[in-house]
There are 2 protein chains.
Amino acid sequence: MSNLKGILIGFGNVGRALIKELVSTEHSLDIIGVFSSKGGVFVREDEDLKTLLKLATLDIKLKNHVSFKENFTYQELLEKQEIDVAFVSIPPSYRTGEPNLKIYRSLSKNNVNVITADKTGLAINYNDLLEEYKRKDLFFGYRATVAAGIPAIDLMRGLRGRQVEKIVAVLNATTNYILTLVEKGMSFEEAIKKSIKEKYAEPDPTVDTHGWDPAAKISILSGELGTHIPLEKVERIPLDSVSEESIRSSFKEGKRVKYVATFDVVGKKAFVRPHVLDAEDVLAKTVSTHNTIKVLLEDSEIILSGPVGPAWRTAKVMVTDFIEYKAKTNKDT
Amino acid sequence: MSNLKGILIGFGNVGRALIKELVSTEHSLDIIGVFSSKGGVFVREDEDLKTLLKLATLDIKLKNHVSFKENFTYQELLEKQEIDVAFVSIPPSYRTGEPNLKIYRSLSKNNVNVITADKTGLAINYNDLLEEYKRKDLFFGYRATVAAGIPAIDLMRGLRGRQVEKIVAVLNATTNYILTLVEKGMSFEEAIKKSIKEKYAEPDPTVDTHGWDPAAKISILSGELGTHIPLEKVERIPLDSVSEESIRSSFKEGKRVKYVATFDVVGKKAFVRPHVLDAEDVLAKTVSTHNTIKVLLEDSEIILSGPVGPAWRTAKVMVTDFIEYKAKTNKDT
């Protein structure tokens, strides 16, 4: 059987980590093209791939590739060549989901399977997007969109048909880190600056501190449980709506303030709010680099917890999707 | 679309709970026959199903059904009628996996999809069994075989391609309960008697206390990670190899003895042994009715924990398999 043909759309931290994963292990995959928002590289020979790997390893932008063509797009490539799978890691707008929603439409039109790390497309348009890919019998892998590193999507799949009442979760590592710093005495401003400097936070920290990121994640989990709450309907109370002083006084009392995402299945509501939690609460114990998901159902709770991100781990989760996609493809042929 | 046709093989606690689940909710399923080891009921009319439900609700054996025919087998039914799916909940021998391995072969020969709660078949013959069903494009659902209630199989599926080093888990609620009683001052003998009386333990308690049950479960998890350790190769140190006195003295020091199942992925070994655990260890905190699975990988741990069993929860997990099976079937037609 000949190798599968893939393209990468996005060459940021995740895209770079991903190309290292996909080349370094045996995946029966030929990478045909790599694209940033500015242009792309058509991989014609081994040397092109080697240079891509070098850029990825040295953390250098795609436009420095010797074969980089400005304004060369994946659409142009798709006109020339059949592609099996696209790995999407472009960060889109939380308001519109663009350019990713357009990218997904264009890929499905060209019968390209998708593996994505972008949560906004699904958070905004969960049902239509997945139905479109299902209807065309295309694979849409999105394990990396929620708590990349711990199998949150798989957890939901394993609970189909069960009477889940509520999901309560710490899904954003950045705000978790910021809160830890505030507990230790920093102001929000200082803590956010430090997080950006250490690359915990995005240059625009409101993605985290205004709850966009955890809201998109809880939105996707709501979709997994069969009642999608679109991103714009998820209530987001900003992180700093709780005062620094009360974060510190809670901490002194042995309690913790966490930025908690909730999906109330029965009430069909989702929200992201700072919460004061008891010390014994498993959510309170979530360290900066971890996520914790608590599923309330029947007479008890299921807990999933573990490390999420950074980019190298997100890339590994996309590879898990790729392995599932390959298994399905092999079955069909 | 016409309803799917199903049979139940096994009418013990799980089979009874399952028939209540399958009838009470909207599943587009017609139950055509129900079988115990002694004979079966061919469901010809609504009245037959109502009587089955009554037996299930009152916890009465199948042979008391007015339409029960001694020695009537599912094979006989399969000769008369096409069946889509069989729900298997017969407890087999941990030594041979029979009669279930024969049942699975017979079902696959007749192109019947399977959803099972039996762990021994897979623990003994994981690769051959799943390959046979895959080759014939038949569904083989087995979520209920490991930690039924928390998505342990899904957890493993979500970790494909990741570098898992070790799985360390408390997978047997009965021995967990027995240890709690010994901590409180009972002898092993008294604790086991109490467990049998309260229906925590089987009449033959060695299934639990000699580690057969957790060994079968860790064996299946090893298969999920791509290196199946067959049941007979899983080392089993009996629960009472640790003295009652040392269980109590550990407890007094704030430690806990737990019956821990381990799969050492790197060393390709699996074993079940009593372990002294520190109080902070998440495994140490596993209460009687819960299971906890710790996955060691990369630089950290993933934890999955929650309530497992009894029969009604196991039945719900089989329904999750059925929902997945239906989704696949709908796609194909």
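Enquirer: I'd like to hear about unusual backbone geometry, residue by residue, with values.
Expert: Backbone torsion omega between Glu98(A) and Pro99(A) reads 10 degrees, so that peptide bond is classified as cis. Secondary-structure assignment places Pro99(A) in the loop between β5 (85-88) and α4 (100-109). With omega at -10 degrees, the peptide bond leading from Gly309(B) into Pro310(B) counts as cis. Structurally, Pro310(B) can be placed in the loop between β13 (300-307) and α12 (311-332). Of note in the backbone geometry, Asn111(A) takes a positive phi value of approximately 55 degrees without being a glycine.

Enquirer: Residue-level account of the sheet that holds strand β10 (residues 256-264) of chain B, with values.
Expert: Strand order in the open sheet formed by twelve strands is β9(A)-β11(A)-β10(A)-β8(A)-β12(A)-β13(A)-β13(B)-β12(B)-β8(B)-β10(B)-β11(B)-β9(B), and the pairing between neighbours is mixed. The open sheet has two edge strands, β9 (235-236) of chain A together with β9 (235-236) of chain B, and neither has a second partner. Pairing between strand β8 (residues 164-170) of chain B and β10(B): four bridges, direction antiparallel. Paired with Val168(B) across the strands is Thr262(B), a residue of β10(B). Along the sheet face, helix α7 (residues 173-183) of chain A touches β8 (164-170), β10 (256-264) and β12 (290-297) of chain A and points at about 150 degrees away from the line of β10(A).

Enquirer: Break down the nonpolar core for me, with residues and values.
Expert: Leu107(A), Ile293(A), Leu107(B) and Ile293(B) are the most contacted members of the largest nonpolar core, which totals 150 residues. Once residues within four sequence positions are removed from consideration, Leu107(A) is found in contact with Ile9(A), Tyr74(A), Leu78(A), Ala86(A), Val88(A), Val112(A), Val114(A) and Tyr133(A).

Enquirer: Just give me the short version of helix α8 (residues 188-197) of chain B, but keep the residues and values in it.
Expert: All names here are of chain B. When α8 is considered as a whole, its buried residues turn out to be Phe 188, Ala 191, Ile 192 and Ser 195. Seen along its axis, α8 keeps its buried residues to an arc of 95 degrees; they face one direction. Opposite the packed face of α8, turned more than 90 degrees from it, sit the exposed residues Glu 189, Lys 193 and Lys 197. Positioned one or two residues after α8, Lys 199 has a phi angle of 65 degrees, which is positive.

Enquirer: If you had to explain the interface of chain A and chain B to someone new, which residues and values would you point to?
Expert: With 34 residues of chain A at the interface, the matching set in chain B holds 34 residues. The contact between chain A and chain B buries some 2,800 Å² in all, and 54% of this surface belongs to carbon and sulfur atoms. The interface formed by chain A and chain B contains four salt bridges. In this structure, Arg313(B) engages Glu298(A) in a salt bridge whose closest nitrogen and oxygen atoms are separated by 2.9 Å. Put simply, chain A and chain B have 14 residue pairs in polar contact (both at pLDDT 80 or more) between them. For the side of chain A that touches chain B, the elements supplying multiple residues, two or more each, are α6 (152-157), β13 (300-307) and α12 (311-332) of chain A. Considered class by class, the residues forming the side of chain A that touches chain B number eleven nonpolar, nine polar and 14 charged. Sheet analysis places β13(A) next to β13(B), joined by three bridges and oriented antiparallel. The residue of β13(B) that forms the bridge with Leu304(A) is Leu304(B).

Scoring rules and cut-offs
- Residues numbered from 1 in each chain as written.
- Chains lettered and ligands numbered in written order.
- Predicted model: local features only at pLDDT ≥ 70, side-chain atom pairs only at ≥ 80, totals over all residues.
- Heavy atoms only, no water.
- Helix = DSSP H or I, 4+ residues; strand = E, 2+ residues; numbered from the N terminus.
- Pairing = 2+ DSSP bridges.
- Contact = heavy atoms within 4.5 Å.
- Axes fitted to C-alpha atoms, helices over the stretch in contact; angles between N-to-C directions.
- Core = buried A, V, L, I, M, F, W, Y, C linked by side-chain atoms within 4.5 Å.
- Buried < 20%, exposed > 50% of the residue type's maximum accessible area, 1.4 Å probe, protein only.
- Arc of directions from axis to C-beta.
- Buried area = accessible area lost by both parts, 1.4 Å probe.
- Salt bridge = Lys/Arg side-chain N within 4 Å of Asp/Glu carboxyl O.
- Polar contact = N/O pair within 3.5 Å; in protein donor to acceptor, adjacent residues only side chain to side chain.
- Nonpolar A, V, L, I, M, F, W, Y, C, P; charged D, E, K, R; others polar.

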